[in-house]
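Report on the structure
Listed below, chain by chain, are the residues.
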Amino acid sequence: MQKSLVGPQGLSDRALAWLFVGPTIVLLLAFNIFPLFWTIYLSFTNFRANKPNAETVWAGISNYQRVLGNEAIWESMRATAHFLVWSISLQLLLGFALALLLNRKFRSHSFWSTAILLPMMLAPAVVGTFWKYFFEPQYGIFNYIVNFFGGPGIFTMLGDTKLSPWAIVLVDTWMWTPYVMLLLLAGLRSIPSYLYEAAEIDRASAWTKFWRITLPMVMPFIILALLFRTIENFKMFDLVDQLTSGGPGSVTELASIHLKREAFEKWRTGYASALAIIMFVSIYGLSLVAVRFLDKVKQR
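The structure contained in this document is the topic of the report that follows. Counting restarts for each chain: residues are numbered from 1 in the order of the written sequence. It should be noted that, the model being predicted, local features are given only for residues of pLDDT at least 70 and side-chain atom pairs only at 80 or more, the latter also being counted only at that level, while totals for whole chains, interfaces and linings use all residues. Excluded from the side-chain calculation are hydrogens and water; included are all heavy atoms of the structure.

Observations concerning the overall build of the protein
Our working definition: A run of H or I in DSSP counts as a helix once it spans at least four residues, and a run of E counts as a strand once it spans at least two, with each numbered from the N terminus. A radius of gyration in this sense is built from C-alpha atoms; the matching globule rule multiplies 2.2 Å by the number of residues raised to 0.38. Here's how the labels work: a residue is buried when its accessible area is under 20% of the maximum for its type, exposed when over 50%, partly exposed in between, all with a 1.4 Å probe on protein chains only. Note on definitions: a residue-residue contact is assigned when non-hydrogen atoms from the two residues lie within 4.5 Å. Only the protein chains shown count as covering a residue, and every accessible area follows the Shrake-Rupley method with a 1.4 Å probe. None of His or the chain ends enter the tally, which takes Lys and Arg as positive and Asp and Glu as negative. A single reference atom marks each charge: NZ on Lys, CZ on Arg, CG on Asp, CD on Glu.
Within the protein, the regular secondary structure consists of 12 helices and zero strands. In the protein, the succession of α and β elements from N to C terminus is α-α-α-α-α-α-α-α-α-α-α-α. The globule rule puts the C-alpha radius of gyration for 300 residues at 19 Å, and the 25 Å found for the protein is more than 25% above it. By its C-alpha atoms, the protein is 85 × 75 × 35 Å across when sized along the principal axes. Burial status across the protein gives 37% buried among its 300 residues. Put simply, 66% of the contacts in the protein that link residues at least 6 apart link residues at least 24 apart. Split by element, the accessible area of the protein, about 18600 Å² in all, is 67% carbon and sulfur. Seen as two clouds, the 25 positive and the 17 negative side-chain charges of the protein have centres 6 Å apart.

What to know about a nonpolar patch on the surface
What counts, and what does not: To count toward a patch, a residue needs a relative accessible area above 30% and no salt bridge. Like charges then connect within 9 Å, nonpolar side chains (Val, Leu, Ile, Met, Phe, Trp, Tyr) within 5 Å. Salt bridge, as used here: a side-chain nitrogen of Lys or Arg that lies within 4 Å of a carboxyl oxygen of Asp or Glu.
A surface patch of nonpolar side chains, about 1100 Å² in accessible area, is lined by Leu11, Trp18, Leu19, Phe20, Val21, Ile25, Leu28, Leu29, Ile33, Phe37 and Ile40. As for its position among the elements, Leu28 is in helix H1 (residues 13–42). Taking relative accessible area as the criterion, Leu28 reaches 45% and is therefore assigned partly exposed.

What about the environment of Val169?
The topology assignment puts Val169 in helix H7 (residues 164–189). For Val169 and Gly95, which are 74 residues apart along the polypeptide, the C-alpha to C-alpha distance reads 15 Å.

Remarks on unusual backbone geometry
The linkage connecting Gly247 with the following residue, Pro248, adopts the cis geometry, with an omega of -5°. When you line up the elements, Pro248 lands in the loop between helix H10 (238–243) and helix H11 (255–264). Located in the positive-phi region is Ser245, a residue other than glycine, with phi close to 55°. Here Ser245 is to be found in the loop between H10 and H11. Residue Ser245 is classed as partly exposed on the basis of its relative accessible area, which comes to 35%.

Side note on the packing of aromatic side chains
The line we're drawing: Ring pairs are drawn from Phe, Tyr and Trp, using the six-membered ring of Trp, whenever the two centres fall within 6.5 Å, and their geometry is named by plane angle: stacked under 30 degrees, edge-to-face over 60, tilted for the rest.
In the structure shown here, the tally under the stated rule is 22 aromatic pairs. Between Trp131 and Trp174, the ring centres sit 5.5 Å apart and the planes meet at 65°, which makes this aromatic pair edge-to-face. Here Trp131, found in helix H5 (residues 124–134), pairs with Trp174, found in helix H7; they are 43 residues apart in sequence, far enough to count as distant. Accessibility expressed as a relative area gives 8% for Trp131, which makes it buried. Taking relative accessible area as the criterion, Trp174 reaches 33% and is therefore assigned partly exposed. A ring pair is formed by Phe280 and Tyr284, whose centres lie 6.3 Å apart and whose planes are at 20°; its orientation type is stacked.

See the structure below:
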């Protein structure tokens, strides 16, 4: 029988493996698994975090019923859907265009590649604060730029109920388009050159090469970018909180902003926990759909 290897301190390979993996497992249980199950438990109670010593009463599914029957929740979901669809669509289009451009070698290629990536290196709270001053109607630069091209004069981008939803879309697109570009650029550079060489021999047009080679080969990376950005934007908080705090009124009150108000302003912890679980299930369901579609694309 083969004996297990023993380390210099008398520890077997299995013991050494657990010695290195153990702390990670403990941290995962402490910061991911336990809070999830604790949130699930709280979602069935009337617990309030500002009254920890009060009696906790089991409420059943009443919190979930109140969440699903609350019109304010559906308004925040509609605001979230608007933000998701437009920001991710713009990021995919602009990111793909930039990836196609940077995939070609030209002078100062390295400089522009680095410059484009700068926005995604900043903290979302910093970006939100910067753009808030940028949109300021009195001394912000945005009004001057718009008026230079024949704009309507002084207007409040963040204070207008019609413009503020587009403001957060614009800022998120500016910040995260480089991330999408980076993913798609990796996809473009993974395409074998012999495919394009064969297309050249067949005298295929540029559009044919794009439609038959480039797009199908990059499609898995597009789906990954769509999946990652959907997950991140669905739980977007700090950027929007710094920009508009959900205002004016509630037109930019995303689901994450509404969750924060329920949990830390109204202190309805059980109710907020139910909303958090519903958001988690929604994100998980969208992720499953994207992963299955990705598997089908890879099998083609």
